[in-house]
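Observations on the three-dimensional arrangement
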Amino acid sequence: MASHGIKDRVAIVGMGCTRFAEHWDSGADELLLSATSEAFTGAGLAKEEIDAYWLGTAQSGMSGITLARPLELEGKPVTRVENYCASGSEALRQAAYAVASGAYDVTMAVGVEKVKDSGYQGLNAFPIPGDGTARTVTAAAMFSMVVPAYGAKYGVAPQEMREVLARIASKNHANGARNPKAQFRREWPVEQLLAMPRVAGELSVFDCAGVADGAAAAIVVRAEDALRYTDKPLYVKALSLVAGNGLPLGDPAYDYTTFPEIVAAAEDAYRQAGVTDPRRELAMAEVHDCFTPTELVLMEDLGFCDRGKAWQDVLSGAFDLDGDLPVNPDGGLKSFGHPVGASGLRMMYEAWLQLRGEAPEPRRIGTFGQRELALTHNLGGYPGEMVGFVSILGTKVG
């Protein structure tokens, strides 16, 4: 991939994030105002001082007016972007590239999704005209196929696979229980998760991310200007996005134990950032745990484990808060739910807190003070046809 990257050319100097929850008393406007207000305050900036805005949302509004109206922006370029569940990450990517290009000095990326009073149980896809051959199974059904495929390929018995998936869910819920911005704040022991009834293949409800409303925002400036706004900026080391072509869905050789788009995005991001050993160099990672088997496969696709070894590392606690590489220290999608346009920026918000030493002590990563890089990973779509995003952020230039 001929990606040159923008390492250390831009920095994040302010962030905001709402609580992710069933906000029956708030609309998308209120969520946008809350997240952007926290970011403005943190950076000491007013809305008029932002040169351009990018808004990531899948279905909570059309056009930049979705953001310009509640913020009462005047004469500002506001671009609405959509890239499946990576829409918030895509907004940050474009806001960062705009500053790095020299087109603007100060930009804001915002993500929002208002799902719970949309009239559906979750986000409902627009009725896109097609030829009638499109996939019709649910997301849970698609990701459930990872489980038997992974077990068969690497010799993991079905009951042992269940324990691995329950361990992932239990870890993320334990972290979310310590996070006031998470929707679900109750710990779930592995034994109780194993007793849950199945809803799709081997997946129970607790193997699936919930639905939520939420918003998050980030302010981006040139790296050389960052210390004017905060004494603890996060420098952008790498931004990579890969869109799959869907061909694996028709390929009998595709075995559901890897997501090729994620492998490509991770390799590109590590190349941009100069990371050669992510397991040892990263302080933490926020990954897209839409389903527990997704997190399992991501540990290998992101290079945190050798192929076929992630299940053993999960059981050993390698990705716990005090493990080799803490994964989803904020609780992940399992604890937050998944307001599509906001999730990518919510992940960066956790990196913002953890790397700056502002995460509360009960869920502070064990690597704090020892390593200075964080990875966020966001995906949209299904095994065989997805978009994959990886960012790497750091506390120092160089």
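Residues numbered from 1 in each chain as written. Predicted model: local features only at pLDDT ≥ 70, side-chain atom pairs only at ≥ 80, totals over all residues. Heavy atoms only, no water.

Close approach of charged atoms allows side chains with opposite charge to pair. Inspection of the entire model under this criterion finds 29 salt bridges. Here Asp 29 makes a salt bridge to Arg 69, at a shortest N to O gap of 3.7 Å. In this pair, Asp 29 is assigned in helix α1 (residues 28-43) and Arg 69 in helix α2 (residues 65-71), connecting sequence segments 40 residues apart. According to the relative accessible area criterion, Asp 29 is partly exposed, its value standing at 26%. Residue classification places Arg 69 among the exposed positions, given a relative accessible area of 51%. As a salt-bridge pair, Asp 330 and Arg 346 come within 2.8 Å of each other at their nearest N and O atoms. Of this pair, Asp 330 sits in the loop between α11 (310-316) and α12 (332-336) while Arg 346 sits in helix α13 (residues 340-355); the two residues are 16 residues apart in sequence, bridging distant segments of the chain. Its relative accessible area of 1% is what places Arg 346 among the buried residues. Put simply, Asp 105, Arg 222, Glu 224, Asp 225 and Arg 228 are held in one network by salt bridges that share partners. (Salt bridge = Lys/Arg side-chain N within 4 Å of Asp/Glu carboxyl O. Helix = DSSP H or I, 4+ residues; strand = E, 2+ residues; numbered from the N terminus. Buried < 20%, exposed > 50% of the residue type's maximum accessible area, 1.4 Å probe, protein only.)

Ranked by size, the top nonpolar core spans 54 residues in total, and within it Leu 302 and Phe 304 carry the most contacts. Looking at this core element by element, the count peaks at 6 residues for helix α8 (residues 260-273). Beyond its immediate stretch of four places on either side in the chain, Leu 302 contacts Ile 262, Ala 266, Tyr 270, Pro 278, Val 287, Leu 375, His 377 and Val 390. Core analysis: the next-biggest nonpolar cluster, separate from the first, contains 45 residues, Val 10, Ala 109, Ala 212 and Leu 393 among them. (Core = buried A, V, L, I, M, F, W, Y, C linked by side-chain atoms within 4.5 Å. Contact = heavy atoms within 4.5 Å.)

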